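Here is what each chain is made of, one letter per residue.
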Amino acid sequence: MSIENKVVVITGASSGIGRATAIMLARQGAKLVLGARREAPLKELVNEISAYSSEVTYALTDVSNREDMQCLVNFACSRFGRLDVLIANAGIGPISPLDELRVDDWEAMIDINLKGYLYGVAAALPIFRQQEAGHFVSVISTSGLRIVAGQAVYAGTKNAVRTINEALRIEAGEKLRVTGVSPGFVKTQFADSMTDPATQEKVKAAMDMMGMSPDAISRAIVFAIDQPDDVDVGDIVVRPTAQA
Ligand SMILES: NC(=O)C1=CN([C@@H]2O[C@H](COP(=O)(O)OP(=O)(O)OC[C@H]3O[C@@H](n4cnc5c(N)ncnc54)[C@H](OP(=O)(O)O)[C@@H]3O)[C@@H](O)[C@H]2O)C=CC1
Ligand SMILES: O=CCS(=O)(=O)O
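Residues numbered from 1 in each chain as written. Chains lettered and ligands numbered in written order. Predicted model: local features only at pLDDT ≥ 70, side-chain atom pairs only at ≥ 80, totals over all residues. Heavy atoms only, no water.

- Under the annotation held in an unreviewed UniProt entry, the protein carries the name SDR family oxidoreductase and is attributed to Marinomonas sargassi.
- A UniProt comment under Sequence similarities (unreviewed entry) is attached to the protein, and it reads "Belongs to the short-chain dehydrogenases/reductases (SDR) family." (UniProt positions renumbered as here; feature names shortened; annotations may be inferred.)

Shown next as structure tokens:
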């Protein structure tokens, strides 16, 4: 099976990379269950996709809530009878220097970027084991590949996901697939999650200057999913050519 008829759950589908990926996958015949916290943009996306595919739905989901993640995955299985791919994309980046002690932001990044990803693994792994097939795709970041001042906790959450993904791949055995996609700057709403005004301004300027279209990341995700079942694409890094 390539993309057509695959059942795919996407977290963080209400904007940016998740939204673009939903559109690209739907155009190739995937069956989609979209998760995020904001209902209006999810509804709008489902309406847009419904113009060419009836196999799309959404569930309000806060990935930092384990029960929500379990419900999202269960909903996909009850609606479409199975789950082929879980795209753990939801994430926030309220980065700031450690000296500012924005501890609430640190906790939110750990809850959403790391625990949200883990709750996805916990919800999907038993289903993938039972099916003897399944694909974990995570949207990580170039943050952590290169350590940058101000990104300590954000990069920490992303590097934790990178490490756990590799262990998951090793433990997964020959039936499951595990892919991490690490974007550089992408033009999305990502900077809106930043609470430090100076940092937000800098990141927005960098995104405006060199940010890629979210489609650049969606294409990498689609490439990984589209491989034959016995081909496991591990890590893909996608940067703007202008990003150091
Ligand atoms: N843009 C960039 O330059 C880069 C982004 N990334 C990563 O890409 C991923 C997607 O971000 P991007 O598209 O850029 O940014 P956006 O802000 O446009 O999208 C983030 C998505 O995550 C969702 N989200 C946030 N918190 C939660 C939550 N608690 N539960 C469920 N969904 C949540 C948001 O939906 P809602 O608010 O409706 O819940 C939204 O759909 C993130 O993991 C980010 O770290 C990595 C490298 C660079
Ligand atoms: O992953 C994103 C890193 S940045 O946009 O905050 O630099």
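1. A short note on the packing of aromatic side chains
Point 1. Applying the stated criterion across every chain, the model contains two aromatic pairs.
Point 2. Taking 4.8 Å as the distance between ring centres and 70° as the angle between the ring planes, the aromatic pair formed by F128 and F136 counts as edge-to-face.
Point 3. Overall, the relative accessible area of 0% leaves F128 in the buried class.
Point 4. The class for F136 is buried, based on a relative accessible area of 3%. (Phe/Tyr/Trp six-rings, centres within 6.5 Å; stacked < 30°, edge-to-face > 60°. Buried < 20%, exposed > 50% of the residue type's maximum accessible area, 1.4 Å probe, protein only.)

2. Regarding the packing of helix 3 (residues 66-80) against helix 4 (residues 103-131)
Two measures define how a pair of helices packs: the angle their axes make with one another and the distance between the axes.
Point 1. Where helix 3 meets helix 4, the closest approach of the two axes is 9 Å, and the angle between their N-to-C directions is 40°. Taken as a pair, helix 3 and helix 4 cross one another with a handedness that is right-handed. The segment helix 3 lies against helix 4, with R66, M69, Q70, V73 and C77 engaging G116, Y119, G120, A122, A123, A124 and I127.
Point 2. Looking at side-chain class alone, the contact of helix 3 with helix 4 contains eight nonpolar, three polar and one charged residues. (Axes fitted to C-alpha atoms, helices over the stretch in contact; angles between N-to-C directions. Helix = DSSP H or I, 4+ residues; strand = E, 2+ residues; numbered from the N terminus. Left-handed = near helix turned anticlockwise from the far one by under 90°. Contact = heavy atoms within 4.5 Å. Nonpolar A, V, L, I, M, F, W, Y, C, P; charged D, E, K, R; others polar.)

3. Focus on the nonpolar core
Point 1. Among the nonpolar cores identified, the biggest contains 37 residues, and V9, M69, L83, L86, F128 and F136 are the most heavily contacted of them.
Point 2. Elements with a minimum of two residues in this core: strand 1 (7-11), helix 3, strand 4 (85-88), helix 4, helix 5 (152-172), strand 6 (176-183) and helix 6 (197-210).
Point 3. Looking at this core, the element that brings in the most residues is helix 4, giving 10 residues.
Point 4. Ignoring sequence-local partners within four residues, the contact set of F136 consists of L86, G120, V121, A124, L125, F128, L168, R177, V178 and T179.
Point 5. Judged by nonpolar contacts, the second largest core, of 36 residues, contains I3, A22, A36 and I225. (Core = buried A, V, L, I, M, F, W, Y, C linked by side-chain atoms within 4.5 Å.)

4. Details of the pattern of salt bridges
Point 1. Applying the stated criterion across every chain, the model contains eight salt bridges.
Point 2. Note that D84 is salt-bridged to R82, the shortest N-O span being 2.8 Å.
Point 3. Where D111 meets K115, a salt bridge forms, and the shortest distance between an N and an O atom there is 3.7 Å. Residue D111 and its partner K115 are located together in helix 4, separated by four residues, close to a single helical turn.
Point 4. Given a relative accessible area of 30%, D111 falls into the partly exposed group.
Point 5. One continuous salt-bridge network, built from bridges that share partners, spans R19, E44 and E48. (Salt bridge = Lys/Arg side-chain N within 4 Å of Asp/Glu carboxyl O.)

5. Here's the deal with the layout of surface pockets
Point 1. In this structure, the largest pocket occupies an estimated 1300 Å³ of space.
Point 2. Every residue lining the largest pocket is counted, 50 residues in all, and those nearest its centre are I92, Y154, F190, M194 and M207.
Point 3. Among the secondary structure elements, those contributing two or more residues to the lining of the largest pocket are helix 1 (16-27), helix 5 and helix 6.
Point 4. Ranked by residues supplied to the lining of the largest pocket, first place goes to helix 6 with six residues.
Point 5. Tallied by class, the residues present in the lining of the largest pocket amount to 23 nonpolar, 19 polar and eight charged.
Point 6. By volume, the second largest pocket amounts to about 180 Å³.
Point 7. Forming the walls of the second largest pocket are 13 residues, and the residues nearest its centre are K6, A133, G134, R177 and D229.
Point 8. Across the lining of the second largest pocket, the residue classes tally to three nonpolar, two polar and eight charged. (1 Å grid on protein atoms, 1.4 Å probe; cavity = no way out; pocket = protein on both sides within 12 Å on 5 of 7 lines; lining within 4 Å. Points joined across faces, edges and corners; volume = space filled by probe spheres on them.)

6. Brief notes about the site of ligand 2
Point 1. Around ligand 2 sit I95, S141, Q151, Y154, F185, F190, M194 and V203, and those are all the residues in its vicinity.
Point 2. Note that an oxygen atom of ligand 2 is positioned 2.6 Å from one of the side-chain N or O atoms of S141.
Point 3. Interatomic distance of 3.0 Å between a side-chain N/O atom of Q151 and an oxygen atom of ligand 2.
Point 4. Burial of ligand 2 by the protein chains amounts to 88% of its free accessible area of 250 Å².
Point 5. The cavity that encloses ligand 2 is the largest pocket.
Point 6. Tallied by class, residues from the shell around ligand 2 come to six nonpolar, two polar and no charged. (Near = heavy atom within 4 Å. Polar contact = N/O pair within 3.5 Å; in protein donor to acceptor, adjacent residues only side chain to side chain. Areas by Shrake-Rupley, 256 points an atom, 1.4 Å probe, with all protein chains shown as cover. Sits in = over half its atoms within 2 Å of the grid points.)

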